[in-house]
Amino acid sequence: MSKKETKDLLKFLKPFPGDIRKTALALREFVWNRYPAANELIYDNYNAVAFGWSLTDKLGDTFCSVAVGRRSLNVHFGFYWGSKLKDPKNILLGEGNQYRYILVREMNEFPEKYIVQLTRQAYAYSLSKLKNRQLTLRGATITKSISARKAPPAKRHRK
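Please read these numbers as outputs of a predicted model, since none were measured by experiment.

Section: the overall build of the protein
Here comes step 1: For the protein, the helix and strand inventory stands at three helices and six strands.
Here comes step 2: The secondary structure elements of the protein, listed N-terminal to C-terminal, are α-α-β-β-β-β-β-α-β.
Here comes step 3: The burial tally for the protein puts 43% of its 159 residues in the buried class.
Here comes step 4: Once local pairs closer than 6 in sequence are excluded, the contacts in the protein between residues at least 24 apart make up 58%.
Here comes step 5: Element-wise, carbon and sulfur atoms account for 51% of the exposed surface of the protein, whose accessible area totals about 9500 Å².

Quick look at unusual backbone geometry
Here comes step 1: With phi around 50 degrees, Leu-73 is a residue other than glycine that occupies positive phi space.
Here comes step 2: Mapping Leu-73 onto the fold places it in the loop between strand 3 (62–69) and strand 4 (75–79).
Here comes step 3: Owing to a relative accessible area of 13%, Leu-73 belongs among the buried residues under this scheme.
Here comes step 4: At Asn-90, a position not held by glycine, the phi torsion is positive, near 50 degrees.
Here comes step 5: Secondary-structure assignment places Asn-90 in the loop between strand 4 and strand 5 (100–103).

Describing helix 3 (residues 112–129)
Here comes step 1: In this model, helix 3 (18 residues) spans 25 Å end to end at C-alpha, consistent with the 26 Å of a helix rising 1.5 Å per residue.
Here comes step 2: Every buried residue of helix 3 is accounted for by Tyr-114, Ile-115, Val-116, Leu-118, Thr-119, Ala-122 and Ser-126.

A word on the pattern of salt bridges
Here comes step 1: All chains considered together, the criterion is met by four salt bridges.
Here comes step 2: Across the pair Arg-28 and Glu-40 runs a salt bridge, and its minimum N-O distance is 2.7 Å. Here the residue Arg-28 occupies a position in helix 2 (residues 18–34), and Glu-40 occupies one in strand 1 (residues 39–44), the gap between them amounting to twelve residues.
Here comes step 3: Residue classification places Arg-28 among the buried positions, given a relative accessible area of 5%.
Here comes step 4: Among the residues examined, Glu-40 registers a relative accessible area of 0% and is labelled buried.
Here comes step 5: Salt-bridge contacts for Asp-44 lead to Arg-70; the nearest nitrogen and oxygen are separated by 2.4 Å. Of this pair, Asp-44 sits in strand 1 while Arg-70 sits in the loop between strand 3 and strand 4; the two residues are 26 residues apart in sequence, bridging distant segments of the chain. As far as the burial class goes, Asp-44 and Arg-70 line up, both buried.

Quick notes on the sheet that holds strand 6 (residues 141–146)
Here comes step 1: Taken together, the six strands give an open sheet; going across it, the order is 5-4-3-2-1-6, and neighbouring strands pair in mixed fashion. Edge positions in the open sheet fall to strand 5 and strand 6, since each of these has one partner strand only. Within this sheet the neighbouring strands show an average axis-to-axis angle of 20 degrees, counted without direction.
Here comes step 2: Where helix 2 meets the sheet, its contacts fall on strand 1, strand 2 (48–54), strand 3, strand 4 and strand 6, and the angle it forms with strand 4 comes to roughly 25 degrees.

Some words on the environment of Met-107
Here comes step 1: As for its placement among the helices and strands, Met-107 is situated in the loop between strand 5 and helix 3.
Here comes step 2: Accessibility expressed as a relative area gives 30% for Met-107, which makes it partly exposed.
Here comes step 3: In this structure, the C-alpha to C-alpha distance between Met-107 and Thr-23, residues 84 residues apart in sequence, is 6.3 Å.
Here comes step 4: When residues no more than four places from it in sequence are discounted, the contact partners of Met-107 are Thr-23, Ala-26 and Leu-27.

Basis of the calculations
- Within any chain, residue numbers begin from 1 and follow the written order of that chain's sequence.
- Local features in this predicted model are restricted to residues whose pLDDT is 70 or higher, and side-chain atom pairs enter the listing and the counts only when it is 80 or higher, whereas totals over whole chains, interfaces and linings include all residues.
- No hydrogens and no water enter the side-chain calculation; it runs on all heavy atoms of the structure.
- Strands here are runs of E lasting at least two residues and helices are runs of H or I lasting at least four, both read from the DSSP assignment and numbered beginning at the N terminus.
- Between buried and exposed lies partly exposed: a residue is buried under 20% and exposed over 50% of the maximum accessible area for its type, with that area taken using a 1.4 Å probe on protein chains only.
- Any pair of residues with heavy atoms lying within 4.5 Å of one another is described as a contacting pair.
- We get accessible surface area from the Shrake-Rupley algorithm with a probe of 1.4 Å; when it comes to residues, only the shown protein chains can shield them.
- Helix span, expected: 1.5 Å multiplied by one less than the number of residues in the helix.
- By definition, a salt bridge exists where a carboxyl oxygen of Asp or Glu is found within 4 Å of a side-chain nitrogen of Lys or Arg.
- At least two DSSP bridges between two strands are needed for those strands to be called paired.
- Note on geometry: axes are lines fitted to C-alpha atoms, helical ones only across the stretch in contact, with angles between N-to-C directions running from 0 to 180 degrees.

Dropping the structure here:
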């Protein structure tokens, strides 16, 4: 499987509104175009559909990801080791020991040039942590988990 393999991801994103799906898929394209040798790991979890890019087939080697919340109906573009990144504009959200993200409401508001810089840092950091540099998988799409139960979707309020 590869970048062209979208069957599972499209199925997992189907319950979400069209604008959310469109944003998530645009962010997917953004990463794939820059890191075609990375592996995409897909998780269809209780609270979210998440997919990230890893140097291997392991979550711990992930450098960036997209998460679509079932209850919040928002899209995160995040960094698995985001707390290690230099973020001079202070746009990354999150206060935990590791993960940082931005909310992406509209692609025309996505700070692409800045995120390219952060993604380069994240990739380099993940590469520096990699124990075995003999990568067996390259450019694969791998569905890692499918939760049988899903959180009920949020209802959108009309403005």
